[in-house]
Amino acid sequence: MADVYLIDLDAASAPPEGASTPLDAAERERAGRFRDERDRRRYIAAHIALREVLGETQGCDPASVRILRAPCVVCLEQDHGKPFVDGGPYFNLSRSGRWALIAIADEPVGVDVEEPQDPGRLDAIRADVLAPGETTSGTPDDLLRIWVRKEAQLKASGDGLTRSMASFSVDPRVVDLVLPHGLVGAVWFTSETPATTRVRHR
């Protein structure tokens with residue numbers, strides 16, 4: 001079972017500049033690196049929402065949630081590997097523009113969401129997305145769907161950008177999400193058994 005939360009980051013209440021937040025030092029440092037104020041507020045809103053969901057799941061205050069990092073699959077450093085929390089649950093966060101998806105599950109999980117993309121941009125990255133022999137219906141939306149499915153898989157494994165999408169085909173364990181506003185989303189589980197997924201608006 002996985003719960004997937006859809007969050008409108010522009011509607012979420014981000015605290016004013018200088019106000020206290022449940023974010024840890026690493027999250028605050030990352031937020032401070034955003035030059036665009038809107039992007040900074042969206043990042044903060046997404047990570048506050050993540051901590052609120054994890055806090056509800058763990059039965060603790062959002063500020064008490066300790067988000068750790070697994071070793072990077074390439075360099076083995078622990079400052080930029082896949083995030084996790086001691087004792088579970090497994091989780092994953094994805095952002096695209098004003099929207100975020102948070103997946104909470106009892107097994108390793110990856111989630112991705114993308115806003116509608118310009119057809120010209122999608123066509124330009126076709127060779128970077130499709131594996132040899134992999135085809136689409138020819139529509140930009142179909143290519144975007146494959147992109148999102150593969151991104152969810154890479155995030156679940158912790159490979160992220162270290163592995164090319166064109167190096168593998170879409171795994172049958174991926175679950176497409178039905179989302180509003182033209183958003184395309186998918187969630188991927190490590191188990192062979194298809195998992196039940198619930199999308200909640202937050």
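See above for the structure.
Before going into details, it helps to say that this report is about the structure given with it. (Residues numbered from 1 in each chain as written. Predicted model: local features only at pLDDT ≥ 70, side-chain atom pairs only at ≥ 80, totals over all residues. Heavy atoms only, no water.)

## Focus on the packing of helix 1 (residues 25–32) against helix 2 (residues 37–58)
Angle between the axes and distance between the axes: these two values describe a pair of packed helices. With their axes 9 Å apart at the nearest point, helix 1 and helix 2 run at an angle of 160 degrees to one another. What the angle tells us is that helix 1 and helix 2 run roughly antiparallel. Seen from above, helix 1 lies across helix 2 with right-handed handedness. Contacts from Glu 27, Arg 30 and Ala 31 in helix 1 reach Arg 40, Tyr 43, Ile 44, His 47 and Arg 51 in helix 2. In terms of residue class, the contact of helix 1 with helix 2 is built from 3 nonpolar, 1 polar and 4 charged. (Axes fitted to C-alpha atoms, helices over the stretch in contact; angles between N-to-C directions. Helix = DSSP H or I, 4+ residues; strand = E, 2+ residues; numbered from the N terminus. Parallel < 35°, antiparallel > 145°, perpendicular 65-115°, else oblique. Left-handed = near helix turned anticlockwise from the far one by under 90°. Contact = heavy atoms within 4.5 Å. Nonpolar A, V, L, I, M, F, W, Y, C, P; charged D, E, K, R; others polar.)

## Some thoughts on the pattern of salt bridges
Taken as a whole and assessed by the stated rule, the structure comprises 14 salt bridges. With a closest N to O distance of 3.6 Å, Asp 123 and Arg 126 form a salt bridge. Where salt bridges share partners, they join Asp 8, Asp 10, Arg 42 and Arg 98 into one cluster. (Salt bridge = Lys/Arg side-chain N within 4 Å of Asp/Glu carboxyl O.)

## Overview of the nonpolar core
Within the largest apolar cluster, 18 residues are counted, with the highest numbers of intra-cluster contacts made by Leu 122, Val 129, Leu 144 and Trp 147. Residue assignment for this core shows that the elements contributing at least two residues are helix 5 (140–157) and strand 8 (184–189). It is helix 5 that provides the largest number of residues to this core, a total of 8 residues. (Core = buried A, V, L, I, M, F, W, Y, C linked by side-chain atoms within 4.5 Å. Buried < 20%, exposed > 50% of the residue type's maximum accessible area, 1.4 Å probe, protein only.)

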